[in-house]
Amino acid sequence: MARRESILTGPGSQALIVDLIRSSGPISRTELTAATGLTQPSISNIVRRLIDDGIVRESGRTPSQGGKPRTLLEINARARYGIGVQLGFESITIVATDVRGGVVGRQLVDGAGAGQPDETAERIVDLYRAFLSGLGLDAASVAGVAVVTPGPIALAEGAILAAPSLPLWDGYPLRDVLADALGVPVIIGNDAAAATIGEFWSRQVSRNEAFACVYLGTGIGAGVVLDGALLRGASSNAGELGHVTIQIDGEPCYCGNRGCLERYAAPGPTIAAARAARDDLDDVNLTFDPASLSRDFDQLARAAVGGQTVAAELLQRSADQIAAATVTLANLFDLERIVLAGPGMAVAGSVYARAIRERLERSFFARNAHSIAVELSSNPRDAAAIGAAALVLQGSIAPGHGPSLIPAA
């Protein structure tokens with residue numbers, strides 16, 4: 001969970017230095033000393049180690065102003081690669097990113113569906129090997145693999161716990177199965193949390209910002225970054241925005257609660273409401289097939305953006321409900337920036353962004369002290385897969401921030 005870094009020369013300080021170079025670089029050793037409070041010898045030792053490991057490189061000097069020019073440091077983008085896998089019912093996305101979060105490869109294949117976990121895990125292994133071969137990436141340059149899914153997850157055990165879209169995977173030891181087959185460190189994570197880290201990393205967000213991501217997939221999740229670290233909670237299941245109660249004694253939810261946001265504003269309930277109004281949506285071409293939920297939601301969003309009255313009303317209702325919950329998130333953590341990501345934001349993002357901005361402007365508790373920037377992800381559909389790769393890289397080059405990378409047996 002989020003905490004202030006200690007000013008030592010251990011892993012926490014390396015994470016701090018990497019994070020500053022990532023978000024502020026090119027930057028000099030002198031500027032790092034001023035920004036961290038570490039001593040010059042400590043900075044020199046950490047930077048030397050990072051250069052020796054190939055993570056950081058020198059990138060020229062500052063212009064001379066009478067004294068000795070300062071040597072600038074920057075992240076070596078191609079030092080290592082992270083592989084992220086977004087595992088879903090409808091599709092599986094695999095991406096490779098460099099240290100700066102730049103995507104160097106992407107592939108989309110059929111999802112887990114109702115198939116047995118062992119069969120899908122074997123498909124992921126074959127996909128990984130063919131993916132690296134196609135990109136010409138040396139396996140030795142891969143820091144690890146992160147597989148992300150809707151929550152909840154058991155991080156310590158490396159398993160998915162009762163995800164409603166993947167019921168057959170409850171307790172399946174996916175991390176250990178993949179690590180044994182691939183021979184690289186493997187992490188199992190939550191899709192919304194991963195998207196948050198990916199946006200934080202690739203946008204070069206300062207560690208001083210209170211940052212969050214609201215993620216709309218089959219469910220509704222969120223992640224919060226404070227002091228450069230993802231707020232994880234006791235079991236890495238923090239940020240379940242979809243399970244904030246918006247209606248006391250409302251609809252029962254699979255989580256055990258009632259009246260959860262997800263039961264009213266997620267794509268599934270929105271399409272269910274569209275089914276009830278299908279006579280007024282003849283021109284939208286919805287299938288109402290549960291296996292095509294993402295496709296139907298995109299179709300509804302296109303119709304809404306195009307001015308179809310009933311589609312616009314349904315999407316606006318979802319956006320208003322998520323906006324209200326986002327105000328609660330912003331109030332809890334006094335946020336400065338919120339990014340909207342996930343497949344549900346790919347077409348409908350502008351509707352949700354507008355609703356959230358308007359609600360924050362009139363309802364955010366600290367609105368007279370500061371505003372909150374609300375932005376759309378540049379790659380909402382792949383945000384979780386990209387974030388999964390960033391999760392691996394953060395745990396590799398900035399130990400102390402991400403989950404520990406357990407070496408493969």
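Presented here is an overview of the structure given in this document. (Residues numbered from 1 in each chain as written. Predicted model: local features only at pLDDT ≥ 70, side-chain atom pairs only at ≥ 80, totals over all residues. Heavy atoms only, no water.)

1. Digging into the overall build of the protein
- Summing up its helical and strand segments, the protein has 12 helices and 15 strands in all.
- For 409 residues, the compact-globule formula gives about 22 Å, and the C-alpha radius of gyration of the protein, at 22 Å, lands near that figure.
- Referenced to the eigenvectors of the C-alpha coordinate spread, the extents of the protein come out at roughly 75 × 55 × 35 Å.
- Summarising the internal contacts of the protein: among those between residues at least 6 apart in sequence, 63% fall at separations of at least 24.
- In the structure as shown, the protein presents an accessible area of about 17,100 Å², 49% of it carried by carbon and sulfur atoms.
- Taken together, the 34 basic and 42 acidic charged side chains of the protein have centroids lying 8 Å from each other. (Helix = DSSP H or I, 4+ residues; strand = E, 2+ residues; numbered from the N terminus. Rg over C-alpha atoms; globule rule 2.2 N^0.38 Å. Contact = heavy atoms within 4.5 Å. Areas by Shrake-Rupley, 256 points an atom, 1.4 Å probe, with all protein chains shown as cover. Lys, Arg positive; Asp, Glu negative; His and termini not counted. Charge placed at Lys NZ, Arg CZ, Asp CG, Glu CD.)

2. So, the pattern of salt bridges
- Going through the model one piece at a time under the given rule, you end up with 14 salt bridges.
- Between Arg106 and Asp382 there is a salt bridge whose closest N-O contact spans 2.3 Å. Taken together, the residues Arg106 in strand β6 (residues 103–110) and Asp382 in the loop between β15 (373–376) and α12 (383–397) connect sequence positions 276 residues apart.
- A residue is classified by how much of its surface remains accessible, and Arg106, at 44% relative accessible area, is partly exposed.
- Using a relative accessible area of 4% as the deciding quantity, one classes Asp382 as buried.
- Its salt-bridge partner being Arg203, residue Glu199 comes within 2.7 Å of it at the nearest N-O pair.
- You can call Glu199 buried: its relative accessible area is 7%.
- In this structure Arg203 comes out as partly exposed when scored by relative accessible area, which is 25%.
- Taken together, the shared-partner salt bridges connect Glu199, Arg203, Glu209, Arg337 and Glu375 into one network. (Salt bridge = Lys/Arg side-chain N within 4 Å of Asp/Glu carboxyl O. Buried < 20%, exposed > 50% of the residue type's maximum accessible area, 1.4 Å probe, protein only.)

3. Things to note about the state of the cysteines
- Counting across every chain of the model gives zero disulfides.
- Just so you know, Cys253 is unpaired, no disulfide at all, and the nearest cysteine sulfur is the one on Cys255, 3.7 Å from it.
- Not engaged in a disulfide, the cysteine Cys260 finds its nearest cysteine sulfur in Cys255; these two sulfurs lie 3.7 Å apart.
- With a relative accessible area of 0%, Cys260 lands in the buried category. (Disulfide = S-S within 2.5 Å.)

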